[in-house]
Amino acid sequence: MTAADVRLPQGPPTTPTEPVRRRGPSPMRRRENAAAYILITPFVVVFALFIVVPLVYSGYLSLFRDQLVGGTTFVALDNYTRALTDSSFLTGVGRMAIFLLIQVPIMLGLALVFALLLDSGVLYLQRFVRLGIFIPYAVPSVIAALMWGYLYGPDFGPAAQIAKNLHISAPPFLSQNWMLGSIMNIVSWEFIGYNMIILYAALRSIPSELFDAAAVDGAGRVRTAWSIKIPAIRPAIILTAIFSVIGSFQLFNEPNLLRTIAPNVIGIDYTPNMYAYNLAFINRDSNYAAAIAFILGVVIMVVSYSVQLSTQRKERAAR
Amino acid sequence: MTTQTAAGGPTRTGSPLDRPSPPRQRSRRSRAYSSDRPRRSIVLTVVMCAVLLYFLIPLWWLLVASTKSNANLFSTFGLWFSSTNSLWVNIQTVFTSDNGVYLLWLRNSLVYSVTSAVGSAFLATMAGYAFAKYRFPGGNAIFSGILGAIMIPMTALTIPTYLLFANAGLTNTPWAVILPSLASPFGVYLMRVYAADSVDDTLIEAARVDGAGELRIFFTVALRLLSPGLVTVLLFALVSTWNNYFLPLIMLNSPDLYPLTVGLAQWQATAAGGSGSRALFSSIITGSFLSIIPLVIAFLFLQRYWQSGLASGAVKG
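One numbering rule holds for all chains: residues counted from 1, following each sequence as written. Written order determines the labels here, with chains lettered from A and ligands numbered from 1. Per-residue local features of the predicted model are confined to residues with pLDDT of at least 70, and side-chain atom pairs are confined, for both listing and counting, to 80 or more; whole-chain, interface and lining totals are unaffected and use all residues. Where side-chain values are given, they derive from all heavy atoms of the structure, hydrogens and water being excluded.

## Examining the overall build of chain B
Counted only if it meets this: Secondary structure elements are defined from DSSP: runs of H or I of at least 4 residues count as helices, runs of E of at least 2 residues count as strands, and each element is numbered from the N terminus. Each residue is assigned to one of three classes by its accessible area relative to the maximum for its type, calculated with a 1.4 Å probe on protein chains only: buried under 20%, partly exposed between the two thresholds, exposed over 50%. For this analysis, residues touch if any pair of their heavy atoms sits within 4.5 Å.
Check the secondary structure of chain B and you find 14 helices and zero strands. The helix and strand sequence of chain B, counted from the amino end, reads α-α-α-α-α-α-α-α-α-α-α-α-α-α. Considering chain B as a whole, with its 317 residues, one finds that 58% of them fall into the buried category. Within chain B, residue pairs in contact and separated by at least 24 positions form 74% of the contacts whose partners lie at least 6 positions apart.

## Points about the side chain of Thr158 of chain B
All names here are of chain B. Inspection of the secondary structure assignment puts Thr158 in helix H7 (residues 154-167). For Thr158, a relative accessible area of 1% puts it in the buried group. Once you skip the residues sitting within four places of it in the chain, Thr158 turns out to touch Phe246, Leu247, Ile250 and Met251.

## Focus: the pattern of salt bridges
Residue and element names in this part refer to chain B. Which entries qualify depends on this criterion: We define a salt bridge as a contact between a side-chain nitrogen of Lys or Arg and a carboxyl oxygen of Asp or Glu at a distance within 4 Å.
The tally for this structure, following the rule as stated, stands at eight salt bridges over all chains. Lys133 serves as the salt-bridge partner of Asp201, at 3.0 Å between the closest nitrogen and oxygen. With Asp201 in helix H10 (residues 201-209) and Lys133 in helix H5 (residues 87-133), the pair connects residues that are 68 residues apart, well separated along the chain. Assessed through its relative accessible area of 24%, Asp201 is described here as partly exposed. The exposure class of Lys133 is buried, given its relative accessible area of 3%.

## Describing the environment of Val113 of chain A
Along the polypeptide, Val113 of chain A turns up in helix H3 (residues 87-120). Note: C-alpha distance between Val113 of chain A and Tyr200 of chain A (87 residues apart in sequence) is 9.9 Å.

## Considerations on the packing of helix H5 (residues 141-152) of chain A against helix H7 (residues 179-204) of chain A
Residue and element names in this part refer to chain A. Spelled out, the test is: Helix axes are fitted to C-alpha atoms over the stretch in contact, other axes to C-alpha atoms as well, and angles between N-to-C directions run from 0 to 180 degrees. An angle below 35 degrees is read as roughly parallel, one above 145 as roughly antiparallel, one from 65 to 115 as roughly perpendicular, and any other as oblique. Should the near helix be turned counterclockwise from the far one by less than a right angle, the crossing is left-handed, whereas a clockwise turn marks it as right-handed. Side-chain classes are defined by residue name, with Ala, Val, Leu, Ile, Met, Phe, Trp, Tyr, Cys and Pro counting as nonpolar, Asp, Glu, Lys and Arg as charged, and the others, Gly among them, as polar.
Following both chains from N to C, one finds H5 and H7 inclined at 130°, their axes separated by 10 Å at the closest point. The orientation of H5 relative to H7 falls into the category oblique. Both H5 and H7 take part in a crossing whose hand is right-handed. The segment H5 lies against H7, with Ser141, Ala144, Ala145, Met147, Trp148 and Tyr152 engaging Ser182, Asn185, Ile186, Trp189 and Glu190. Residue composition of the contact of H5 with H7, by class: seven nonpolar, three polar and one charged.

## Describing the pairing of strand S1 (residues 64-67) of chain A
All names here are of chain A. Note the threshold: In short, DSSP must find at least two bridges between two strands for them to pair.
Here four bridges tie S1 to strand S2 (residues 71-74), and the two strands are oriented antiparallel to one another. Paired with Asp66 across the bridge in S2 is Thr72. Once S1 ends, the chain turns through three residues before running back antiparallel as S2, passing Gly70 with a positive phi of about 100°.

## Topic: the packing of aromatic side chains
The condition is simple: Here a pair means two rings of Phe, Tyr or Trp (six-membered ring of Trp) with centres within 6.5 Å. Their orientation is stacked below 30 degrees between planes, edge-to-face above 60, and tilted elsewhere. Charge over a ring is defined by NZ of Lys or CZ of Arg lying within 6 Å of the ring centre and within 35 degrees of the ring normal.
All chains considered together, the criterion is met by 40 aromatic pairs over all chains. Taking the centre distance of 5.7 Å and the plane angle of 90° together, the rings of Phe173 of chain A and Trp178 of chain A count as edge-to-face. Among the aromatic residues, those joined into a cluster by ring pairs are Trp148, Tyr152, Phe173, Trp178 and Trp189 of chain A together with Tyr54 and Phe55 of chain B. Sitting over the face of the ring of Phe143 of chain B, Arg192 of chain B holds its NZ or CZ atom 4.8 Å from the ring centroid.

## Some details on the nonpolar core
For clarity, the threshold we go by: The nonpolar core is taken to be a set of buried Ala, Val, Leu, Ile, Met, Phe, Trp, Tyr and Cys residues, with the residues joined through side-chain atoms within 4.5 Å.
Ranked by internal contacts, the top residues of the largest apolar core, which has 205 residues, are Ile133, Met179 and Ile183 of chain A together with Trp61, Tyr129 and Leu226 of chain B. Apart from the residues within four sequence positions on either side, Leu226 of chain B is in contact with Thr125, Tyr129, Met191, Tyr194, Ala195, Ser198, Val199 and Phe218 of chain B.

## What to know about the interface of chain B and chain A
What counts here: What counts as buried area is the accessible surface, traced by a 1.4 Å probe, that two parts surrender upon association, with contributions from both included. What qualifies as a polar contact is a pair of N or O atoms within 3.5 Å, subject to a donor-acceptor requirement within protein and to the restriction that residues adjacent in sequence count only when both atoms come from side chains.
Each partner contributes residues to the interface: chain B has 126 residues there, and chain A has 126 residues. Taking both partners together, chain B and chain A bury about 11,900 Å²; carbon and sulfur atoms supply 73% of that area. At the boundary of chain B and chain A, one finds one salt bridge. Residues Arg208 of chain B and Glu32 of chain A are paired through a salt bridge, measuring 3.3 Å at the closest nitrogen-oxygen approach. Taken together, the connections running from chain B to chain A amount to 14 residue pairs in polar contact (both at pLDDT 80 or more). Within the side of chain B that touches chain A, the residues separate by chemical class into 84 nonpolar, 29 polar and 13 charged.

## Focus: the packing of helix H9 (residues 221-232) of chain A against helix H10 (residues 234-249) of chain A
Residues and elements named next belong to chain A. Contact pair H9 / H10: the axes reach a minimum separation of 5 Å and the direction vectors enclose 60°. Relative to H10, H9 is oriented oblique. Packed against H9, whose contacting residues are Ile230, Pro231 and Ala232, the element H10 presents Arg234, Pro235 and Ile237 at the interface.

## What to know about the side chain of Gln161 of chain A
Along the chain, the position of Gln161 of chain A falls in helix H6 (residues 158-165). On the basis of relative accessibility, which here comes to 11%, the residue Gln161 of chain A falls in the buried class. Here Gly78 of chain B takes part through its backbone nitrogen, which lies 2.7 Å from a polar atom of the side chain of Gln161 of chain A. Filtering out sequence-adjacent residues up to four positions away, Gln161 of chain A remains in contact with Phe156 of chain A together with Leu73, Phe74, Thr76, Phe77 and Gly78 of chain B.

## Details of H3 of chain A
Residue and element names in this part refer to chain A. Spelled out, the test is: To estimate the expected span of a helix, count its residues, drop one, and scale the result by 1.5 Å.
For H3, which comprises 34 residues, the first-to-last C-alpha distance of 49 Å matches the rise-based estimate of 50 Å (1.5 Å per residue) to within 8%. The backbone nitrogen of Ser88 lies 2.9 Å from a side-chain oxygen of the residue at the head of H3, namely Asp86. In the segment just after H3, Gly121 is the residue with positive phi, at about 70°.

## Some words on unusual backbone geometry
It is generally the case that most residues other than glycine have a negative phi and that most peptide bonds are trans. Residues other than glycine seldom take positive phi values, yet Leu125 of chain A does so here, at roughly 55°. Secondary-structure assignment places Leu125 of chain A in the loop between H3 and helix H4 (126-134). Even without being a glycine, Asn172 of chain B presents a positive backbone phi close to 60°. Inspection of the secondary structure assignment puts Asn172 of chain B in the loop between H7 and helix H8 (174-181). Using a relative accessible area of 26% as the deciding quantity, one classes Asn172 of chain B as partly exposed.

## Structural notes on a nonpolar patch on the surface
What counts here: Patches draw on residues past 30% relative accessible area with no salt bridge. Two like charges within 9 Å are joined, as are two nonpolar side chains (Val, Leu, Ile, Met, Phe, Trp, Tyr) within 5 Å. Using a 1.4 Å probe, the Shrake-Rupley method yields the accessible areas, and only the shown protein chains count as cover for residues.
Side chains of Ile162, Leu166 and Ile168 of chain A together with Trp60, Phe77, Trp80 and Phe81 of chain B sit close together on the surface and give an oily, nonpolar patch of about 700 Å² of accessible area. Mapped onto the elements of the fold, Phe81 of chain B is located in the loop between helix H4 (70-75) and H5.

## Considering the environment of Trp175 of chain B
All names here are of chain B. Note on placement: Trp175 falls in helix H8. With 59 residues separating them along the chain, Trp175 and Ser116 place their C-alpha atoms 9.8 Å apart. Residues within four places of Trp175 in sequence aside, it is in contact with Phe165, Leu170 and Pro180.

## Quick notes on the confidence of the model for chain A
Any residue range with low pLDDT should be treated as having predicted coordinates unsuitable for detailed reading. All names here are of chain A. Using the following cut-off: How sure the predictor is of each residue is captured by pLDDT, a score from 0 to 100.
Considering every residue of chain A, the mean pLDDT works out to 84; 90% of them sit at 70 or more. Taken element by element, the predicted model of chain A shows its lowest mean pLDDT in helix H8 (residues 208-216) (74) and its highest in H3 (94). Confidence drops under pLDDT 50 across residues 1-16; counting only partners more than four residues distant or on other chains, this segment forms 46 contacts.

And the structure:
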C-alpha cells in the first residue's frame, strides 16, 4: 500500500500555491521551513502512531501463526494463501462486490438526480426537501440498523401490520433472499442525503459563464444538466464513488446489528469485516485476522484506484 | 460545508473544463441563473415530497414508537400513536435501568466525540495550512502519504491498534477511543484546499513585513480566516466519532465506558436474545430516539454553516 501512487481525483497534490524563490535557503526561508515543520508535527506524530505503526504492525502480524502447541512461528505468506482459499472470506468479499455493484450506482444515481433537481430550482420547499433527505445522515448507523430492523420485523413492524390487516403476507425482509437488499436499503437511506449534499455543493460552484454559453446555444435544462453540469462536477462524483467503495467493503455495523434479530441468516462471516472481527476477538486468531484485513485493504485500494483510472480514461477519450 | 470544500475546491483546481474565470463571483451568478429563471414545477415537488416520505417515515415511526408501552408496541399500529402516552414513563425507564447506565453512555459519547473532534480539527487545520502555504523539503512527499492513507480501511488499522493498545495498557480506557480518532487524513486534505483559497498570500507577506513571526501569523491572522473550514471539519469529525461503533466495540469492555452506540446495541442483543423479561424494546426505542436528538440539533446549527458556505462558494466564509 504505497501511499505515493494513490491520487485523489482532484489533481496532483503538488500544485504550488506560492511562487518558488530559488535562491538557496535564506534565513527567512529557514524560518518558514521551521514554522511549517512545527505546524505539521502534531498531526504527523498522531498519523504515524495511529495509522502508520498499526499498518506496519498488521503486516508484520500477518506473517506469523500463534498455536497452542509450538507458540508463535513465522509462516511467511501462509495466512495469505489460507485466506485466498477460505470460502468464508471469499464468499464475504463476493457478497460485498454484489452489494457494491448494485447499491452504489443506485445510491449515487439518486443522490445526483436529487442534487440536480435542487440545483435547478424547479422545486418548491427546497430547503425543507434538502434538509429532510440529509437528516438520516445524522442518525448513527447502529440506530438506523436497529430502527430498520424493527420496521422490517414480523412482530411490530408497520409493513407486517399492514399486511396482516389486508390478509396478505408481508415481504420477508429478513429472510435469506431479501437480507442483502434490506441492508442495501438501510445504507442507501443513511447516505443518499450525504452524497446529495456533496454533489449539490459542487453544482453550486460551477461558474455561470458555462451556463451563459449553453443558453446562447439554446440548450435545454436536461441537456445542460447532462452535458455541462455533470461533466463539471466529475471530480465530486468520483470522490463520492470512492468513498462509497471504501464504505461498502467495510460493511459491519448494519449486518452486525441485524444479526441479533436474524442470526440464522447473517453468519459471523457475512461480511469480510465481520469475519475479521470474529477471527480476532472470538477465535483469538489475530494473525489470520490481520492477513484478512490486509487483503481487504488491498482489494479496496485496487477497486478505488480502478474507479479513478476508468474515469480518467473516459475523460481522455472524450477530449 | 465540508462538502463545499471537498467538492468545490477540487472543481476549481482540477476541472476537466479549463475556465479562465476567477472563482469569486461565480456562486452568486450561477444562483441567479438557477433560481430566478426557472418555472417551479408542482409535479416535481410532489414527487420529491413522496421521496421525502421515504426518508422521514422511519424517524416518524421512531418518534411514535417511543411514546408507546411495550405492550402497545405489539398491539397498536406502528405509524400512529396509541391512546395512552407512555413517553415520560419510557424516558424514566431509559434513564434508570441498569442503575442509570444510559446517562453514562450519553456522557461518554459526548466526551469522546467532543475531545476527538476538537483535537483532530486543530491538528488538521495546522497541518493543512502548512501544506498549503509553505513549500518545504519533504512537504509534498508527506502530503502524498497522508492522501494515500485516506483509502486505508479502518479494519486494517483497528485490530492491530487494539493489540498495540493492549500492550500499552490503554484498552478499556477513554484514550483507546479518543487517540485513534485524532488522525484525520481527510481533514488535512480539506483544510489544505480550504487554506489555499481562504488565506491570501499578500496578507501573510504584509504580516511578515510588519515583523510578525510565522507562528504568530498563523495564530492571529490565518486561524481567523480558517475558522469556517475548521468548524466544518470539527462538526463532521464530531458526527463520525459520535456514530462510531466498531472502534469502541473493540476497545472497551466495561459498560460504564460504552458510548451510546455500543450500549444500545448491547441492550438490543439482550432483548433479542429473549432474556428480556423487562420492557426492553420500548427502552431501546426510546433510548435510540433520545440519542439522535443531539445530533439532529447539531445539524440544524451546522446547516447555517453550510448555507453560508454555499452562499459564498466557501471561498471567504
